[in-house]
Amino acid sequence: AEAEAEVAEKEKEAIAHVLQISTGAQKMGRITDFLDRPLDGLGPLDEGAKSLPVFNAEPMKGSTESLSRSLATGVMAVDVLTPLGRGQTMLVAGPNGVGRGELALDTVQAQSKGEAGSVACVWACLRGQGKEIAEKLAERGALENTAILEAPSGSPASVQFATAAAALAVAE
């Protein structure tokens, strides 16, 4: 069992070194895919930027800071019923037509105003909606603090998974 675990860890490390994504300010206001290719027509990203492995090892339990600062979503009912901590990952799930997208847009918009303006947001579009999301964020004045990673519409599950993992790596 230990030998299998060691082989699995070496495979994970090999994949992590192959698949890396750039991070930092250059991603803000841009739409890219999980391979760091720009999809917004604004030219290439800076190749000298810091990169992180997409499939990074998870932090050791207890090695991360506790969530001590709250993060306002801009929707009072959500803030009261489901408080979020700054640095926390947020998944908005539910059936079509319940307002998941609007809630996420409101939350990102709330981060671009006032003291929360320093909060960087990362949006993973798994159905090829990157340009539409970017337009909506720009209308709300929230595109400058948001990095958008997109999996084209009709992408295989593996591409969608890699896109979500890349978005998490950028957020971390």
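The rules we used
- Throughout this description, residue numbers start from 1 for each chain and increase along the sequence as written.
- In view of the model being predicted, local features appear only for residues whose pLDDT reaches at least 70, and side-chain atom pairs are presented and counted only at 80 or more, with totals across whole chains, interfaces and linings using the full set of residues.
- Values shown for side chains rest on all heavy atoms present in the structure; no hydrogens or waters enter the calculation.
- Strands are runs of DSSP state E lasting at least 2 residues, helices are runs of H or I lasting at least 4, and numbering of each runs from the N terminus.
- Note on exposure labels: buried denotes an accessible area under 20% of the residue type's maximum, exposed denotes more than 50%, and partly exposed covers the range between, all computed with a 1.4 Å probe on protein chains only.
- The contact criterion used throughout is that any non-hydrogen atoms of two residues lie within 4.5 Å.
- In this description, accessible areas are obtained by the Shrake-Rupley approach with a 1.4 Å probe, and a residue is regarded as covered only by the protein chains that are shown.
- Read the arc as the range of directions from the helix axis to the C-beta atoms.
- What makes two strands pair is DSSP finding at least two bridges between them.
- Per residue, pLDDT captures the predictor's confidence, and it can take any value from 0 to 100.
- For this document, the term salt bridge refers to a Lys or Arg side-chain nitrogen within 4 Å of an Asp or Glu carboxyl oxygen.

Visitor: Run through the overall build of the chain, naming residues and quoting values.
Guide: Looking only at helices and strands, the chain features 5 helices and 7 strands. When its helices and strands are written in sequence order, the chain yields α-β-β-β-β-α-β-α-β-α-β-α. Here the chain holds 172 residues, and the buried ones make up 31% of them. Summarising the internal contacts of the chain: among those between residues at least 6 apart in sequence, 59% fall at separations of at least 24. Split by element, the accessible area of the chain, about 10900 Å² in all, is 56% carbon and sulfur.

Visitor: Just give me the short version of helix H4 (residues 130-139), but keep the residues and values in it.
Guide: Two residues of an α-helix separated by three or four positions point the same way, owing to the 3.6 residues in each turn. Along H4, the residues that are buried comprise Gly130, Ile133, Ala134 and Leu137. Along the long axis of H4, the arc covered by the buried residues comes to 100 degrees, so they all point the same way. Exposed side chains of H4 directed beyond 90 degrees from the buried face belong to Glu135 and Glu139. At the exit of H4 stands Gly141, carrying a positive phi of roughly 70 degrees.

Visitor: I'd love a proper account of the sheet that holds strand S6 (residues 121-125), names of residues and values included.
Guide: As a general point, the strands of a sheet are linked pairwise by backbone hydrogen bonds and lie either parallel or antiparallel. Across the sheet, which stays open at both edges, the 3 strands sit in the order S2-S7-S6 with parallel pairing between neighbours. Strand pairing shows two members of the sheet lacking a second neighbour, strand S2 (31-32) and S6, which therefore form its edges. Relative to strand S7 (residues 146-150), S6 runs parallel, the two being bridged by 5 bridges. Each bridged residue has a counterpart across the sheet, and for Ala124 the counterpart in S7 is Leu149.

Visitor: Can you break down the environment of Glu47 residue by residue, with the values?
Guide: Tracing the backbone shows Glu47 in the loop between S2 and strand S3 (51-53). In this structure Glu47 comes out as exposed when scored by relative accessible area, which is 80%. Considered as a pair, Glu47 and Asp36 are 11 residues apart in the sequence and their alpha carbons are 9.9 Å apart.

Visitor: Break down the confidence of the model for the chain for me, citing the residues and quoting the values.
Guide: Interpreting fine coordinate detail is not advised for predicted regions of low pLDDT. Model confidence for the chain is summarised by a mean pLDDT of 83, while 85% of its residues fall at 70 or above. Taken element by element, the chain is modelled with least confidence in helix H1 (residues 2-18), mean pLDDT 67, and with most confidence in S7, mean pLDDT 95.

Visitor: Please provide a residue-by-residue account of the pattern of salt bridges, values included.
Guide: Within the structure shown, the criterion is met by 5 salt bridges. Between Asp33 and Arg37 there is a salt bridge; the shortest N-O distance is 2.6 Å. Here the residues in one salt-bridge network are Glu102, Asp106 and Arg140, joined through shared partners.

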